[in-house]
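# Examining the three-dimensional arrangement
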Amino acid sequence: MEKWVPIYAAIVATVVALIQFSQWKNQRIGAKLSASPRVHPMKPPRCSHIEVDVQATQNSTSICAIYIAAYKSKLHYFLGKEPEEIVGNEWHKMFPLKIEPGHGWEGLMAINDKERALAASYNHVRVMVRHTGYGRVISKPITKFLRT
């Protein structure tokens, strides 16, 4: 029985450390991003816009840019590789824009031929938001929105 006590203590300490690390990581994210499709009532229904919603979480942050980035694969994104191609939008004139905690910014990003071409050429496309808070860049995958 005595030889199990150190093993149990090591397991408990590891679990507590993982929980604390997760809480620390979540607290330092300065913004939260939501991206959802807007479907146009065509036959067949087709995604015409992407609704982008950025919320400040812990501290105020300034949105510096919102753009679409294309990667060869999810693995390239997770390894921190540079995107293969970047597509901007008409929003660059309104940034930087400061948002306070509990507040946010939202807009509709039109899906045109150049955005759909990214999804046809690359396996992983994301909406990217560059901001001044912790975690500096947040993103959401949108490949399936562009392919519908």
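This text follows the structure it describes.
Let us look at the structure shown here. (Residues numbered from 1 in each chain as written. Predicted model: local features only at pLDDT ≥ 70, side-chain atom pairs only at ≥ 80, totals over all residues. Heavy atoms only, no water.)

A complete count under the given rule lists 3 aromatic pairs for this structure. Note on Tyr 71 and Tyr 77: the rings are 5.4 Å apart at their centroids and 75° apart in plane angle, and the pair reads as edge-to-face. Relative to Phe 78, the ring of Tyr 77 lies with its centre 5.4 Å away and its plane at 65°, an arrangement referred to as edge-to-face. A relative accessible area of 22% means that Tyr 77 is categorised as partly exposed. (Phe/Tyr/Trp six-rings, centres within 6.5 Å; stacked < 30°, edge-to-face > 60°. Buried < 20%, exposed > 50% of the residue type's maximum accessible area, 1.4 Å probe, protein only.)

With 29 residues, the main nonpolar core has Ile 50, Val 52, Val 54, Ile 63, Ile 66, Trp 105 and Ile 142 as its most contacted residues. Looking at this core, the elements with two or more residues in it are β1 (31-40), β2 (46-56), β3 (61-71), β6 (104-110), α3 (113-121), β7 (124-131) and α4 (143-147). Broken down by element, this core gets its largest block of residues, 5 residues, from β2. Ignoring any residue separated from it by four or fewer positions in sequence, one finds Val 52 in contact with Leu 33, Ser 34, Ile 66, Trp 91, Trp 105, Glu 106, Gly 107, Met 109 and Val 127. One finds Ala 65, Tyr 67, Tyr 71 and Met 128 within the second-largest nonpolar core, a separate group that totals 5 residues. (Core = buried A, V, L, I, M, F, W, Y, C linked by side-chain atoms within 4.5 Å. Helix = DSSP H or I, 4+ residues; strand = E, 2+ residues; numbered from the N terminus. Contact = heavy atoms within 4.5 Å.)

Roughly 160 Å³ of internal volume is contained in the largest pocket. No other element matches the 3 residues that β3 contributes to the lining of the largest pocket. Its residues assigned to classes, the lining of the largest pocket shows 6 nonpolar, 1 polar and 2 charged. (1 Å grid on protein atoms, 1.4 Å probe; cavity = no way out; pocket = protein on both sides within 12 Å on 5 of 7 lines; lining within 4 Å. Points joined across faces, edges and corners; volume = space filled by probe spheres on them. Nonpolar A, V, L, I, M, F, W, Y, C, P; charged D, E, K, R; others polar.)

Those residues of α3 lying buried are Glu 115, Arg 116, Leu 118 and Ala 119. End-on, the buried residues of α3 take up no more than an arc of 145°, which puts them together on one face. Exposed positions of α3 whose direction lies more than 90 degrees from the buried face are Asp 113, Ala 120 and Ser 121. Tucked into the core, α3 has its buried residues touching β2, β3, β4 (85-87), β6, β7 and α4. (Arc of directions from axis to C-beta.)

Moving on, we get to unusual backbone geometry. Residue Phe 95 is joined to Pro 96 through a cis peptide bond whose omega torsion reads 10°. In this fold, Pro 96 is placed in the loop between β4 and β5 (97-99).

This part is about the pattern of salt bridges. For the coordinates displayed, the defined rule picks out 2 salt bridges. Here Glu 51 and Arg 38 are joined by a salt bridge, their closest N and O atoms 3.0 Å apart. Taken as a pair, Glu 51 in strand β2 and Arg 38 in strand β1 lie far apart in primary sequence, 13 residues in all. Taking the shortest distance from any N to any O, the salt bridge between Lys 98 and Glu 100 comes out at 4.0 Å. (Salt bridge = Lys/Arg side-chain N within 4 Å of Asp/Glu carboxyl O.)

Moving on, we get to the sheet that holds β2. What the 3 strands build is an open sheet, ordered β1-β2-β6; its pairing is antiparallel. The open sheet is flanked by β1 and β6, the only strands paired with a single partner. The sheet shows a mean angle of 20° between the axes of neighbouring strands, taken without regard to direction. (Pairing = 2+ DSSP bridges. Axes fitted to C-alpha atoms, helices over the stretch in contact; angles between N-to-C directions.)

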